[in-house]
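# Per-entry structural report
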Amino acid sequence: GTPCHGSHELPMNEPEEARNVAPPVSLREAFGFWLKLGFVSFGGPAGQISLMHLELVEKRRWISERRFLHALNYCMLLPGPEAQQLATYIGWLMHRTPGGILAGVLFVLPSLAILIALSWLYIAFGEAPLVAGLFYGIKPAVTAIVVQAAHRIGSRALKNNVLWAIAAASFVAIFALDLPFPAIVAAAALTGYIGGRIAPGKFRTGGGHGNASASFGPALIDDDTPTPAHARFNWPDLVRVALAGALLWALPMALLSAHWGWDHPLTQMGWFFTKAALLTFGGAYAVLPYVYQGAVAHYGWLTPTQMIDGLALGETTPGPLIMVVAFVGFVGAYVQALFGPDARFLAGAVAASLVTWFTFLPSFVFILAGGPLVESTHDDLKFTAPLTAITAAVVGVILNLALFFGYHVLWPKGFAGAFDWLSAVLALAAAIALFRYKRSVIQVILASAVGGLLLKTMLA
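Procedures and definitions
Residues numbered from 1 in each chain as written. Predicted model: local features only at pLDDT ≥ 70, side-chain atom pairs only at ≥ 80, totals over all residues. Heavy atoms only, no water. Helix = DSSP H or I, 4+ residues; strand = E, 2+ residues; numbered from the N terminus. Rg over C-alpha atoms; globule rule 2.2 N^0.38 Å. Buried < 20%, exposed > 50% of the residue type's maximum accessible area, 1.4 Å probe, protein only. Contact = heavy atoms within 4.5 Å. Areas by Shrake-Rupley, 256 points an atom, 1.4 Å probe, with all protein chains shown as cover. Lys, Arg positive; Asp, Glu negative; His and termini not counted. Charge placed at Lys NZ, Arg CZ, Asp CG, Glu CD. Phe/Tyr/Trp six-rings, centres within 6.5 Å; stacked < 30°, edge-to-face > 60°. Lys NZ or Arg CZ within 6 Å of the ring centre and 35° of its normal. Salt bridge = Lys/Arg side-chain N within 4 Å of Asp/Glu carboxyl O. Core = buried A, V, L, I, M, F, W, Y, C linked by side-chain atoms within 4.5 Å. Polar contact = N/O pair within 3.5 Å; in protein donor to acceptor, adjacent residues only side chain to side chain. pLDDT = per-residue confidence, 0-100. Axes fitted to C-alpha atoms, helices over the stretch in contact; angles between N-to-C directions. Parallel < 35°, antiparallel > 145°, perpendicular 65-115°, else oblique. Left-handed = near helix turned anticlockwise from the far one by under 90°.

A tally of regular secondary structure across the protein chain gives 16 helices and zero strands. For the protein chain, whose C-alpha radius of gyration is 22 Å, the value lies close to the compact-globule estimate of 23 Å for 460 residues. Each principal axis of the C-alpha atoms in the protein chain carries an extent, and together these give about 70 × 50 × 45 Å. Here the protein chain holds 460 residues, and 52% of them are scored as buried. For the protein chain, the share of sequence-separated contacts (at least 6 apart) that also reach a separation of at least 24 residues comes to 76%. Total accessible area on the protein chain is roughly 20800 Å²; 69% of this is exposed by carbon and sulfur atoms. Both charge centroids of the protein chain, one from 26 positive and one from 23 negative side chains, sit 3 Å from each other.

The full count for this structure, using the stated rule, is 24 aromatic pairs. Look at Y122 and F135: their rings are 5.1 Å apart centre to centre, the planes differ by 70 degrees, and that puts the pair in the edge-to-face class. Here the residue Y122 occupies a position in helix α4 (residues 82–125), and F135 occupies one in helix α5 (residues 129–157), the gap between them amounting to 13 residues. Judged by relative accessible area, which is 11%, Y122 ranks as buried. Relative accessible area serves as the criterion here: at 10%, F135 is assigned to the buried category. Each residue in the set W120, F125, F330, Y334 and F345 is aromatic and connected to the rest through ring pairs, giving one cluster. The cationic tip of K456 hangs over the ring face of Y136; the distance from NZ or CZ to the ring centre is 4.4 Å.

For the structure on display, the rule yields five salt bridges. As a salt-bridge pair, R67 and E375 come within 3.1 Å of each other at their nearest N and O atoms. Of this pair, R67 sits in helix α3 (residues 65–77) while E375 sits in helix α13 (residues 344–375), and the two are 308 residues apart along the sequence. Accessibility classification places R67 together with E375 in one group, the buried group. Across the pair D237 and R240 runs a salt bridge whose closest N-O atoms are separated by 2.3 Å. You can see D237 and its partner R240 sitting in helix α8 (residues 235–260), three residues apart, about one turn around the helix. With relative accessibility at 53%, the residue R240 sits in the exposed group. A single network of salt bridges, built from pairs that share partners, joins E55, K59 and R60.

One finds F273, L302, M307 and V328 to be the most contacted residues of the largest nonpolar core, which totals 88 residues. Among the elements that make up this core, the one with the highest residue count is helix α14 (residues 381–410) (12 residues). Judged by nonpolar contacts, the second largest core, of 35 residues, contains V25, I90, M94 and F107.

This next bit is on the side chain of H230. Within the secondary structure, H230 is located in the loop between α7 (181–198) and α8. Here H230 falls in the buried class, since its relative accessible area comes to 17%. A polar atom in the side chain of H230 sits 3.3 Å from the backbone oxygen of L93.

The phi dihedral of R96 falls on the positive side, at around 60 degrees, and the residue is not glycine. Looking at the secondary structure, you find R96 in helix α4. In this model, D178 sits at a positive phi of 60 degrees, which is unusual for a non-glycine residue. Following the sequence through the fold, D178 ends up in the loop between α6 (161–175) and α7.

Here the focus is the environment of L179. Its location among the elements puts L179 in the loop between α6 and α7. According to the relative accessible area criterion, L179 is partly exposed, its value standing at 39%. Considering only alpha carbons, one finds L179 and N400, 221 residues apart in sequence, at a separation of 12 Å. When sequence neighbours within four positions are dropped, the list of residues in contact with L179 reads A173, I174 and I184.

Turning our eyes to something else, we now look at the side chain of D309. Relative to the assigned elements, D309 resides in helix α11 (residues 304–316). In this structure, D309 is in contact with Y122, F135 and K139, ignoring residues within four places of it in sequence.

This part covers the confidence of the model for the protein chain. Do not read the fine detail of predicted coordinates wherever pLDDT is low. Predicted confidence across the protein chain gives a mean pLDDT of 85, with 90% of residues reaching 70 or more. Averaged over each element, pLDDT in the protein chain is lowest for helix α10 (residues 284–298) (79) and highest for α8 (96). Of the regions scoring below 50 in pLDDT, residues 1–18 engages in three contacts with residues more than four places distant in sequence or in other chains. Taken as a whole, residues 207–212 scores under 50 in pLDDT and shows eight contacts with residues more than four places along the chain or in a different chain.

Our next topic: the packing of α3 against α4. Between two packed helices, both the angle of their axes relative to each other and the distance between the axes serve to describe the pair. Running from N to C, α3 and α4 cross one another at 130 degrees; their axes reach a closest spacing of 9 Å. Viewed along their axes, α3 and α4 adopt a mutual orientation that is oblique. Regarding α3 and α4, the two cross each other, and that crossing is right-handed. Between α3 and α4, the residues in contact are F68, A71, L72, Y74, C75 and M76 and E82, Q85, L86, Y89 and I90, respectively.

Now the structure itself:
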């Protein structure tokens, strides 16, 4: 290996016990960590997963690299926000159901509160030159950030030409053929399942050697730590979790329908975002086109421009990027003044909270119900090969999303209109900052916002 990995090597003459084992962690200690994570988890799924890896695998050693990647692959397979699900999974593995719920909720709550405040500022003062200028600079940066997300996931996932081919095929399927996302995921999973049998070497997770074998010292949940009792599969537990989840979904849905009727925007939001939560494989970048189709094109809750602005707000706040749904709910309810003209903020806040509930509820059910099944498949290639293929397919889908944003930012009035060369310069600068100078998402967004404001002011 390279010298920089030397820090993980141990002198040969030291006894095995000299490797300091990570101390056990109390639920209170875990609460502190998950709460802090909720406030600092910027940068979308890629940034959050690398932050969790740094904290949980490398620094605190709560879980080993291989167990971490195994859990991540399962979360990648699920519909919904994979970073939040990974937090829920690790919380559950360490501290049973309370630990899982705690980790998952704390991942979302801070960003919900921040986004309600920002959405209100945006919708109430968005026309002001100051806010308009800031958003003018932020939009091109978001496009560059989505491109970088495709690159980051791609460089990790596309380890050989078979996986490259899957990514390319998924891009063509969504860009040229307009195939629905669930169909692309299903096709990739099938390809991986068959490929894992024919050419298993091409579908190993962690790219064969090196990646998953990095060791940061013994972890609390190590490669060979036996599965804890609560994480072993049994049918009664599965049924209990499924029933609790169904009840937590049906009760609010029934109340909304009874009070306002099925066609009311709030009821429709609950229904639409339930579907979004169940259909969106591959995390937040993959769900965005679906939310765009529904919220903008079908229901008209917001405009295309507001949608990109909402994504920018989602990128600048901590928590899962899928929290952009809270912005969608807030703006839709606020603009339509669902509770009357004097209670616009209340309507927005209620809609944002409702939408968040329906979007995240399935994630908890999937982890608490499916976790025990996953824990029994650590090295089972039948299980991991489809996941490897799905991750490759998601790269193609994210690239498509980058083009979609690029088009709206660089040709704001469509191809018939003028090319916005100022936005192009800002997008290029953001890309250089991200790729060449390895700046963080937050730094890039803040710098781009200031740049946009200065350009707008100079040209006004």
